[in-house]
Amino acid sequence: MLVKDRMTRDPYTIQASSSINTLIGLMREKGLRKVPVLDGEKLVGIVTDRDIERVSPSQATSLSVYEINYLVSKISVADAMVKNPVTCKVDTFIEDAALLMRNNQINSLMVLDGEKLVGIVTDTDLFDALIDMMGGRTPGYKIILNVDNIPGILVKLGTATKACNTNITHFTMPESIDGKAELLLKTTSNADPAELRKAIEDAGLEIQDFIVDKY
């Protein structure tokens, strides 16, 4: 799955030369917490609500409201933005995007097509992708297997599910340890669970857990 399949396309943006007041108005009107910053069409930064607080006069100031508003009007988006935000390409795999976020301790990436900003992908988008990849929103049988990480295991599993006329809808295998692997799969629920369990065990596969999801 690629970032382009999960990103928010054509996000709201603001020019670096715009005033903070203009930015605040945009964020309030659209319910935004972060906005990509452009210089023309080039991505040059990102600004968040926390960045606005950082450059705004403290609430503990003795200045009047009029003085505060005047000072804020003189602050540009360029003064508040974080320069050179972390980016990825539209054809970046979502697991690589997640790794970028993790390594940089951030919760979003600006998505580029060439040099043009075309989207933004957040940690919430990646959570949703994980849920969908694991069948978290679909009914069926959720099965966890402990198996030897050797050739032919998937053939055995496919033969067992086929014998019960059951289809594997979602599948993943975390990294194996010491020649052992944990397979997590989701199947359709058209077969009798006892029959499916027996077919899998008869194929020589160890079932760690067998759960009926009724979403």
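Quick look at the structure, then. Treat the numbers as computed from the prediction; the structure is a model and nothing was measured.

The next subject is the overall build of the chain. For the chain, the helix and strand inventory stands at eight helices and 12 strands. Taken over C-alpha atoms, the radius of gyration comes to 25 Å for the chain, far larger than the 17 Å a tight globule of 215 residues would show. The dimensions of the chain, computed from C-alpha atoms along their principal axes, are 80 × 35 × 30 Å. Put simply, the chain has 215 residues, and 35% of those count as buried. Sequence separation of 24 or more characterises 65% of the internal contacts of the chain that already satisfy a separation of 6 or more. Total accessible area on the chain stands at roughly 13100 Å², and carbon and sulfur atoms take up 51% of it.

Taken as a whole, this structure holds seven salt bridges when the rule is applied. Between Glu29 and Lys30 there is a salt bridge, with the nearest N and O atoms lying 3.6 Å from each other. The partly exposed category is assigned to Lys30, whose relative accessible area is 35%. The partner of Asp49 in a salt bridge is Arg33, with the nearest N and O atoms 3.3 Å apart. Linking Asp49 in helix H2 (residues 49-55) with Arg33 in the loop between helix H1 (20-30) and strand S3 (34-39), this pair joins segments that are 16 residues apart in sequence. Here Asp49 falls in the partly exposed class, since its relative accessible area comes to 26%. We classify Arg33 as exposed; its relative accessible area is 58%.

The next point concerns the nonpolar core. Ile143, Leu145, Val147, Leu196, Ile200 and Leu205 are the most contacted members of the largest nonpolar core, which totals 18 residues. Taken together, the elements giving at least two residues each to this core come down to strand S9 (140-148), helix H7 (153-163), strand S11 (180-187), helix H8 (193-202) and strand S12 (206-213). Those residues in contact with Leu196 that lie beyond four places of it in its chain are Tyr141, Ile143, Thr161, Cys164, Thr166, Thr187 and Phe210. Residues Ile20, Val35, Val37 and Ala80 belong to the second largest nonpolar core, which totals 15 residues.

The next thing to look at is the packing of aromatic side chains. This structure, assessed with the given rule, holds one aromatic pair. Taking 5.4 Å as the distance between ring centres and 45° as the angle between the ring planes, the aromatic pair formed by Tyr141 and Phe210 counts as tilted. You can see Tyr141 sitting in strand S9 and its partner Phe210 sitting in strand S12, a full 69 residues away along the chain. The class of Tyr141 is buried, set by a relative accessible area of 5%. On the basis of relative accessible area, Phe210 is assigned to the buried category, the value being 13%.

It is worth spelling out the side chain of Thr48 at this point. Mapped onto the elements, Thr48 comes out in strand S4 (residues 42-48). For Thr48, a relative accessible area of 19% corresponds to the buried category. If we ignore the near neighbours within four places in the chain, the residues touching Thr48 are Met27, Arg33 and Lys34.

On to the sheet that holds S9. Spatially, S10-S11-S9-S12 is the arrangement adopted by the four strands of the open sheet, whose pairing is antiparallel. For this open sheet the edge positions go to strand S10 (168-172) and S12, each flanked by a neighbour on one side alone. Averaged over all adjacent pairs, the angle separating strand axes in this sheet is 20°, with direction ignored. Judged from the seven bridges that link them, S9 and S12 form a sheet pairing that is antiparallel. Residue pairing for S12: Asn146 is matched across the bridge by Glu206.

Criteria and cut-off values
- Residues numbered from 1 in each chain as written.
- Predicted model: local features only at pLDDT ≥ 70, side-chain atom pairs only at ≥ 80, totals over all residues.
- Heavy atoms only, no water.
- Helix = DSSP H or I, 4+ residues; strand = E, 2+ residues; numbered from the N terminus.
- Rg over C-alpha atoms; globule rule 2.2 N^0.38 Å.
- Buried < 20%, exposed > 50% of the residue type's maximum accessible area, 1.4 Å probe, protein only.
- Contact = heavy atoms within 4.5 Å.
- Areas by Shrake-Rupley, 256 points an atom, 1.4 Å probe, with all protein chains shown as cover.
- Salt bridge = Lys/Arg side-chain N within 4 Å of Asp/Glu carboxyl O.
- Core = buried A, V, L, I, M, F, W, Y, C linked by side-chain atoms within 4.5 Å.
- Phe/Tyr/Trp six-rings, centres within 6.5 Å; stacked < 30°, edge-to-face > 60°.
- Pairing = 2+ DSSP bridges.
- Axes fitted to C-alpha atoms, helices over the stretch in contact; angles between N-to-C directions.

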